[in-house]
Structure formats: structure tokens, C-alpha cells
Amino acid sequence: MENLIYILIGTAAVGLAYSFWKSAWVKSQETGNLRMQTFSKHIAQGVSVFLKAEYKVLMVFGLAVAVLLFFAGQSSADSNGFVAVSYVVGAVLAAFSAFLAMRITARAQVRTLAAAQNSSKEAVRIAFSAAAVSGIGTVSLGILGLSALFLIYNALGFVGSVEEVLNVIAGFAFGASTVSLFARIGGGIFLDSASVASEIGANIENGIPKNSVLNPAYMSKNSGTILTKSGGTASDLLESLAASVVAAMVIGASWLNADSVKQSFALGPVVLPLALAASGILISMLATFFVKINEGGTVRKAIYRSEIASAAAMLAVSYFVINALLPQEWIWPFADKYDYYANGVWSSAVFGVIAGLLISTMSGFYSSVNEKFFGETKSKFATKLISGFRYGMKSTVIPVFIVAVTAIGAYYFAGLYGMAIAAVGMLANTGFRLSSDTFVAVVENANAISEMSKLGTETTERAQALKNASEVASNSGRGFAATAAAISALALMAAFMQKTGVGFSDFSSLPNIVGVSIGTLIPLLFSFLIFGAVNRVAQKVVAEVQRQYTTVEQFVAALAIFKKYNGTHSSLANDEITTLHDAESKIDNTKCSKVNAFTTTVQTVIIGIAAIALTLLAGYLGGAEFLNGLLLSVISVSLLISVFQVNTIDNSLISKIFSHVSINTIVKFIAITALLIASSLASEPDFEEKNAIGKTIENKNNSQTREICYKSTVFKSTFSN
């Protein structure tokens with residue numbers, strides 16, 4: 001089994017090598033004229049400003065959490081201080097994956113536009129090659145980190161049992177979750193604040209078009225696109241994958257003492273989630289080669305064909321991987337179900353893979369239908385807004401149904417382990433799905449640079465066509481991310497139930513019912529905090545835009561020209577053109593980004609502390625059953641809110657903000673925090689302490705008493721000779 005871990009590490013290394021090769025190829029492409037390069041550098045500078053501000057605070061925040069984890073681990077009977085090491089490794093790799101995604105996006109945006117001057121086909125090739133760097137690189141880093149930690153902790157004897165190893169490794173997912181919180185939520189606040197300032201501060205109050213070079217907030221908005229849709233999505237999906245894999249490994253540890261597993265398959269149930277995710281790396285790499293279009297072809301169709309092919313390949317590969325690592329059958333003397341099968345575990349994976357494909361398809365379908373409706377309708381703004389909310393609400397039905405069927409089907413075939421494996425199956429092709437999301441960020445910014453650079457009509461039309469085509473892929477990706485978060489959180493909840501001994505029969509208890517009731521408030525409470533953060537940051541950015549417009553002499557003159565021509569300047573005099581160029585040279589995009597970045601980071605820290613505090617209070621004051629009920633309702637309500645946000649299509653700022661401040665990252669952060677404190681909340685001895693395989697046999701006065709733990713619920717039966 002140790003050789004298998006080396007193979008997993010080697011697979012991750014192949015994925016990283018592929019990413020670096022693709023990155024070098026993208027970097028070698030043409031970068032266009034000087035004006036295009038200048039705008040691209042300004043966008044990249046905005047990203048750097050945000051990262052410097054955020055990572056400074058993130059280091060302090062992360063160090064404080066690591067110290068707390070160290071002491072908590074040292075004082076725990078089934079963990080130790082190395083959980084802090086896992087946390088740091090997870091945070092560093094998640095941060096690096098986000099950085100890798102943002103760097104390649106910043107490089108590819110101008111190169112994609114330069115290629116679009118000649119061919120849409122070549123532009124798509126460059127954009128998706130850059131996207132593949134992000135997707136494959138992110139998943140490879142996650143598998144490399146988890147596999148290496150598992151190997152090192154076992155080989156060096158840092159910890160005792162396999163269960164203790166897994167409890168320590170869970171810190172990796174928490175580290176990735178911390179970075180995801182800052183990247184996804186922080187990046188979303190940055191983007192939406194810049195969008196509001198661009199619309200209000202420049203356009204509405206001063207008459208300057210929101211996409212004008214003379215709009216200081218517009219460059220920050222484009223920087224925010226990279227932060228959110230590239231870096232934020234990378235860290236978010238890495239967190240989902242890591243959380244699902246860790247949850248499956250934790251639950252799989254309870255099977256290690258089954259006779260069939262002990263005799264032939266050693267650590268099979270524990271290593272299986274890693275093996276499935278590693279298989280996804282190779283499949284995603286192959287899928288990226290098939291995303292090709294002809295001139296005038298549809299980007300979404302090309303991506304969708306590859307999605308179907310990669311899903312089919314994953315179903316086939318997972319069958320052989322599962323049957324290689326698990327025995328065909330193993331028998332436990334449980335109350336109402338005696339057998340587990342390798343094919344049953346595969347069936348759970350099938351539910352996850354198909355669920356991911358269906359969710360992606362449905363999100364793309366709803367956004368396509370809605371955009372067609374809003375593009376054709378002649379209704380007024382209010383009617384459009386009402387219709388947008390109506391379609392958003394309707395769009396929640398099928399995704400929630402898919403999640404429910406997936407959970408039921410996976411549980412039926414393999415219990416709590418099946419639920420976790422379904423989550424891994426859904427996320428196994430994350431490398432390819434993330435590539436689709438990063439592609440969106442590349443082409444959106446390529447189009448923005450095209451607008452500012454005033455290129456030829458043909459190039460502008462190509463760039464705009466790519467952007468329009470990417471919007472469906474964008475909503476499809478966000479819909480997948482929202483549902484994947486729910487599935488991952490359910491997997492974490494299953495692991496939490498396993499660790500605490502909370503069973504399904506406990507859902508009728510008073511603490512659980514109260515937890516469910518209060519949990520419905522949590523997603524709305526954090527949405528309130530996030531929207532409040534957007535409002536506060538936007539006010540700061542608007543104030544900075546106004547400062548530049550009122551205090552810089554060249555801007556004052558430029559504003560007068562815009563007011564004179566009512567926002568257009570197609571027939572300007574030579575001296576007026578000179579005035580606008582002078583104003584352009586005085587614009588301070590960096591200052592706008594600095595104001596945005598500092599305030600955004602402060603707000604993100606507040607949200608992160610609130611999430612940790614809430615989970616700890618719920619667990620230690622309410623108990624395991626209360627926290628379990630809270631998790632269930634938080635996952636359910638947040639799924640509804642997230643899907644509604646993604647599919648509320650409208651051109652208003654409301655829908656844009658809805659799309660970027662998705663609550664799903666908070667849910668996973670709360671769920672992984674709950675798993676880390678699960679052992680300390682267990683009201684009974686730990687699962688493995690009670691019984692090696694879920695049963696304890698005591699012989700007393702010629703009678704046998706068995707305590708049987710079946711899917712986290714203890715059933716007792718007495719057998720007499």
C-alpha cells in the first residue's frame with residue numbers, strides 16, 4: 001500500500017509538470033501592442049496590491065489559528081500538535097494554487113486578445129491552455145499535500161494509530177478552507193466594491209462610462225475578476241476536494257478492522273479517496289486537449305463535450321480503482337444490513353459523478369434561457385428584476401433534488417462512507433471544471449482590455465463574442481461550485497457524525513431540532529455580513545474615485561469634456577483629445593486598489609472570526625447533537641441561496657453582487673471546523689475505542705452481549721447460547 005502512495009505522489013508531480021509546461025507555452029505567445037500591455041500590467045498590479053495586503057493579514061490570522069490548533073491537538077487523546085503542521089501545509093498549498101491561477105490569468109489575458117486579432121480559434125487555445133494550468137495545478141497540489149502528509153506521518157511514527165493520523169491530516173483541509181475564505185469571500189468583496197464604485201462613482205455621479213480608461217475603479221474591477229473567478233475559484237474547489245477526501249478517509253478508517261479488509265487490502269478504504277482524486281488529474285489532463293473550436297464555433301459546446309467525456313472516463317476508471325482497493329464483499333453482523341460490496345461503493349461514486357455533470361448542465365441551461373429572455377424582452381427594469389428573481393427561485397428545484405437523490409443513493413449503497421465517496425466522485429474531475437472557470441476570467445479581461453485599447457472592429461467583436469460565450473460557462477461553473485460545496489459539507493457532516501457518535505435516530509432529539517431551527521438563520525446572517533462589507537468597502541472606493549475627480553486638475557478638465565459631449569467623445573477637437581490623454585496619465589489605479597484591498601481584508605477577518613466563534617460556541621455550549629442539526633440546516637439553506645444567486649440573471653448590480661458573494665465557502669469553513677472539534681464533543685467513547693470494527697463481544701455467565709455500531713448509530717442486542 002505504501003507503493004500506492006508513491007504512485008499518487010508521482011501522479012500529482014505529473015500534473016504539476018503539465019501545468020508548468022502549459023504555463024511556459026502561454027508565456028511564449030505574443031503580447032500585442034504597447035497600449036494593450038500597459039492595461040494588462042495595470043490589472044496585474046491591482047491583483048498584486050490586494051495579495052500583499054491580504055497575505056500579510058492572512059499570515060497573522062493563520063499563525064494564530066495554527067498555535068491554537070497545536071495546543072488543542074496536544075491536549076487531545078486522539079490527535080496531536082502536528083495538526084498545526086497539516087494546517088500550515090494546507091494553507092500554503094491553497095495560497096500557492098490561488099497565486100498560480102491568478103498569475104497565469106494575468107499573463108494570458110493580453111495574449112488571448114493579441115491572438116484574437118487574427119483568429120478566435122487561436123484565442124480560445126491560449127485562454128484554455130492558461131485555464132488548464134490553473135485547474136490541473138490546483139488539484140495536483142492538493143493530492144500532493146495530502147498524500148505526502150499521510151506517508152510522512154505513518155513512516156516517521158509521529159502519531160500512533162491510523163485514526164490519529166487522519167485526525168491530524170484533517171488540519172490540511174482546514175488550512176485550505178482558511179485561504180479559500182480570504183480568496184473567495186475577500187476577492188468577491190473586492191470585485192463587487194469596485195463594480196459599485198465604477199458604476200456609481202464614475203458613471204452615475206460624473207458621467208464617465210464605467211468601462212472608460214478614466215475610471216479609476218474600472219481597473220480594480222478587472223483585477224477583482226482575476227481574484228474571484230480565478231484565484232478564488234481555485235482555492236474554493238481545492239478546499240472542496242480536500243474536505244471531501246479527508247471526510248472519506250476519516251470514515252473509511254472505521255472499516256480497517258473488517259476481516260476481509262485486514263487480510264488483503266490493508267489501508268484500502270483510507271487510500272481510496274486519494275486514488276480517485278489522483279485518477280481525476282490524469283483524466284482532466286486528457287480532457288483539456290479536446291477543447292477545440294473552429295472559427296465561428298461554440299465554446300460552451302466544446303467544453304461540454306469534454307465534460308461528458310471526462311465524466312464517462314471517470315466512471316470507468318473508478319470502477320477498476322475501487323475494485324482494486326476494496327474486497328468484493330465484507331460482512332459485519334449489523335442490525336438490518338450485513339454486507340458491503342466494492343460495487344456498492346462504486347455505485348456511490350457513480351451518483352457523485354453524474355450529479356456533478358447534471359448540476360453543471362442545469363446551471364448552464366438556466367443561464368442560457370434567462371439571458372435569452374432578458375436579451376429579447378422590452379420590459380422595464382422593474383419587470384426584468386422581478387423575472388430574474390422568479391427564474392432564480394425556480395432554478396433551485398432541480399439542484400436540490402439532485403443533491404437529495406445523490407445523498408440517498410450513496411448512503412443506500414455504502415452508508416456514510418458512500419456519501420463521502422460520492423462527494424469525491426463529483427469533485428474528481430475538478431481539474432477540468434476549474435479550467436472552465438479560469439477560462440472565463442481570461443476572456444472577460446481580454447474583452448475589457450480590448451474596450452480600453454480601442455482596437456479594430458473585427459478584434460473587438462471577436463473578444464466580445466468570446467466573453468458572451470463564456471458567461472454561460474461562468475454560471476455553470478458557479479452552479480457546480482455551489483452544489484459541490486453542499487456535497488462536500490455533507491461529507492464532512494457524515495464524518496462529524498462518525499466521530500461524535502451522533503446517529504440518524506438522534507435527529508428527533510431536542511438539541512438537534514433546536515440546532516436545525518437556529519441553523520436556518522446562519523446563511524442569512526453571513527450574507528448580511530458580506531453585503532454589509534461590500535457596502536462599506538464600496539463607499540471607501542467611491543470616496544477615492546471622487547477625490548481623484550475633484551482634486552486632480554487634469555481630471556476636472558476631462559470631466560468637463562465628458563459633460564459637454566454627454567459621455568461620448570467620438571468627434572473631439574485635438575486639444576480635447578490632448579486633455580483626455582493628460583488625464584489618463586494622471587489616473588491612480590493603484591490607490592483605488594489599495595483602499596479596496598485594505599478595507600476588504602479587514603472585513604474578511606471579521607467574517608472568518610465570526611465563523612470560527614459561531615462553530616465553537618454551538619459545539620461546546622449546545623453539544624454534538626445541536627451542532628449536527630445546525631450543520632444540516634446551514635448546508636440546506638446555503639445551497640438554496642447559492643443556486644438562487646447564481647441563476648438570478650439580470651444586468652443590474654444586484655445580480656452581479658449575488659453571483660460573487662456566494663455563501664458556500666462559509667459553509668465548508670464551518671463544517672471543517674466542526675470536524676476538527678468532533679472528538680472533544682463525543683458524549684461516548686470514540687468509535688474505535690468502543691469497538692475495533694463496530695462491535696464488542698463480552699462473555700458473561702455463558703451469555704453474549706454485542707454492542708453494534710451501525711452507521712454511527714449504536715444498536716444493542718443480546719444473544720444467549
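Just so you know, these numbers come straight off a predicted model, no measurement behind them.

Draft legend 1. Region of interest: the overall build of the protein chain. From N to C terminus, the protein chain includes 24 helices and five strands. Out of the 721 residues in the protein chain, the part that is buried amounts to 62%. Restricting the contact set of the protein chain to residue pairs at least 6 apart, pairs at least 24 apart contribute 83%. Of the accessible surface of the protein chain, which amounts to about 26,500 Å², a share of 63% is contributed by carbon and sulfur atoms.

Draft legend 2. The arrangement of the environment of Ser195 in detail. Secondary-structure assignment places Ser195 in helix H5 (residues 162–206). A sequence separation of 27 residues divides Ser195 from Asn222, and the C-alpha atoms of the two residues are 9.0 Å apart.

Draft legend 3. Representation of the pattern of salt bridges within the structure. According to the stated counting rule, one finds seven salt bridges in the structure shown. Arg125 is the partner of Glu122 in a salt bridge, and the nearest nitrogen-oxygen pair spans 3.6 Å. Of this pair, Glu122 and Arg125 both sit in helix H4 (residues 120–155), three residues apart, which is roughly one turn of that helix. Overall, Glu122 belongs to the partly exposed group, its relative accessible area being 26%. Where Glu458 meets Arg462, a salt bridge forms, and the shortest distance between an N and an O atom there is 2.7 Å. One end of the pair, Glu458, and the other, Arg462, are both in helix H14 (residues 457–500), four residues apart, so they sit about a helical turn from each other.

Draft legend 4. Looking closely at the nonpolar core. Grouped together as the largest cluster of nonpolar side chains are 167 residues, with contacts concentrated most on Phe150, Leu272, Val345 and Leu627. Here the element with the most residues in this core is H5; it accounts for 16 residues. When near neighbours in sequence (up to four residues on either side) are disregarded, Leu627 contacts Phe496, Thr615, Ala618, Gly619, Ala674, Ile677 and Leu681. Core analysis: the next-biggest nonpolar cluster, separate from the first, contains 26 residues, Ala106, Val110, Ala446 and Ala448 among them.

Draft legend 5. Expanded view of the packing of helix H16 (residues 522–551) against helix H20 (residues 624–647). The geometry of H16 relative to H20 is characterised by a closest axis approach of 8 Å and an angle of 55 degrees between their N-to-C directions. On the basis of their axis angle, the class for H16 and H20 is oblique. Counted together, Ile522, Pro523, Leu524 and Ser527 of H16 and Leu630, Val634, Val637, Ser638 and Ile641 of H20 form the full contact between these two elements. For the contact of H16 with H20, the residue count by class is seven nonpolar, two polar and no charged.

Draft legend 6. Helix H3 (residues 83–116), seen in detail. Here H3 is 34 residues long and its end C-alpha atoms lie 48 Å apart, about the 50 Å a rise of 1.5 Å per residue gives. Of all 34 residues in H3, 26 are buried; the element is thus mostly enclosed.

Draft legend 7. Inspection of the confidence of the model for the protein chain at higher detail. For the protein chain, per-residue confidence averages 80 on the pLDDT scale, and 82% of positions sit at 70 or higher. With pLDDT under 50 throughout, residues 333–337 is counted as low confidence; its partners more than four residues away or in other chains account for 15 contacts. Contacts of residues 684–721 to residues separated by more than four positions or lying in other chains number 77 contacts, the stretch itself having pLDDT below 50.

Draft legend 8. Region of interest: a nonpolar patch on the surface. A cluster of nonpolar side chains, Trp21, Leu286, Phe289 and Phe290, forms an exposed patch at the surface whose accessible area comes to about 490 Å². Of note, Phe289 is situated in the loop between helix H8 (268–288) and helix H9 (299–325). Relative accessible area serves as the criterion here: at 38%, Phe289 is assigned to the partly exposed category.

Draft legend 9. The arrangement of the packing of aromatic side chains in detail. All told, the structure shown has 14 aromatic pairs when counted by the stated rule. Consider the rings of Tyr319 and Trp346, whose centres lie 5.3 Å apart with planes at 85 degrees: the pair is edge-to-face. In this pair, Tyr319 is assigned in helix H9 and Trp346 in helix H10 (residues 342–376), connecting sequence segments 27 residues apart. According to the relative accessible area criterion, Trp346 is partly exposed, its value standing at 24%. A network of ring pairs unites the aromatic residues Tyr87, Phe174 and Phe669 as a single cluster.

Draft legend 10. Focus on a positive patch on the surface. On the surface, a cluster of positive charge is contributed by Lys52, Lys56, Lys591 and Lys594. Elements represented by at least two residues in the positive patch include exactly helix H2 (34–74) and helix H19 (589–622). Within the secondary structure layout, Lys591 lies in helix H19.

Draft legend 11. Representation of the side chain of Asn429. When you line up the elements, Asn429 lands in the loop between helix H12 (397–427) and helix H13 (430–453). Overall, Asn429 belongs to the buried group, its relative accessible area being 4%. At a separation of 3.2 Å, a polar atom in the side chain of Asn429 contacts the main-chain carbonyl oxygen of Ser310.

Draft legend 12. Here's a closer look at the environment of Leu630. By the element assignment, Leu630 lies in helix H20. Linking Leu630 and Gly619, residues 11 residues apart in sequence, is a C-alpha distance of 9.6 Å. With residues up to four places along the chain from it excluded, the contact list for Leu630 reads Gly515, Val516, Ile518, Gly519, Ile522 and Ala618.

Draft legend 13. A look at the environment of Phe413. For Phe413, the position within the fold is in helix H12. Considering only alpha carbons, one finds Phe413 and Ala349, 64 residues apart in sequence, at a separation of 9.9 Å.

Draft legend 14. How the structure looks around H19. The end-to-end C-alpha distance of H19 is 48 Å, a good match for the 50 Å that 34 residues give at a rise of 1.5 Å each. Directly beyond the C-terminal end of H19, a positive phi value near 95 degrees is found at Gly623.

Draft legend 15. Quick look at the packing of H3 against H13. In contact at an axis separation of 8 Å, H3 and H13 are set at 55 degrees when each is read in the N-to-C sense. Comparing their axes, H13 and H3 come out oblique. Here the hand of the crossing between H3 and H13 comes out right-handed. Between H3, through Thr105, Ala108, Gln109, Val110, Thr112 and Leu113, and H13, the contact on the second element is made entirely by Thr438, Ala441, Val442, Asn445, Ala446, Ile449 and Ser450. Here the residues of the contact of H3 with H13 are counted per class, giving seven nonpolar, six polar and no charged.

About the thresholds
Residues numbered from 1 in each chain as written. Predicted model: local features only at pLDDT ≥ 70, side-chain atom pairs only at ≥ 80, totals over all residues. Heavy atoms only, no water. Helix = DSSP H or I, 4+ residues; strand = E, 2+ residues; numbered from the N terminus. Buried < 20%, exposed > 50% of the residue type's maximum accessible area, 1.4 Å probe, protein only. Contact = heavy atoms within 4.5 Å. Areas by Shrake-Rupley, 256 points an atom, 1.4 Å probe, with all protein chains shown as cover. Salt bridge = Lys/Arg side-chain N within 4 Å of Asp/Glu carboxyl O. Core = buried A, V, L, I, M, F, W, Y, C linked by side-chain atoms within 4.5 Å. Axes fitted to C-alpha atoms, helices over the stretch in contact; angles between N-to-C directions. Parallel < 35°, antiparallel > 145°, perpendicular 65-115°, else oblique. Nonpolar A, V, L, I, M, F, W, Y, C, P; charged D, E, K, R; others polar. Expected span 1.5 Å × (residues − 1). pLDDT = per-residue confidence, 0-100. Patch = residues over 30% accessible without salt bridge, like charges linked within 9 Å, V, L, I, M, F, W, Y side chains within 5 Å. Phe/Tyr/Trp six-rings, centres within 6.5 Å; stacked < 30°, edge-to-face > 60°. Lys, Arg positive; Asp, Glu negative; His and termini not counted. Charge placed at Lys NZ, Arg CZ, Asp CG, Glu CD. Polar contact = N/O pair within 3.5 Å; in protein donor to acceptor, adjacent residues only side chain to side chain. Left-handed = near helix turned anticlockwise from the far one by under 90°.

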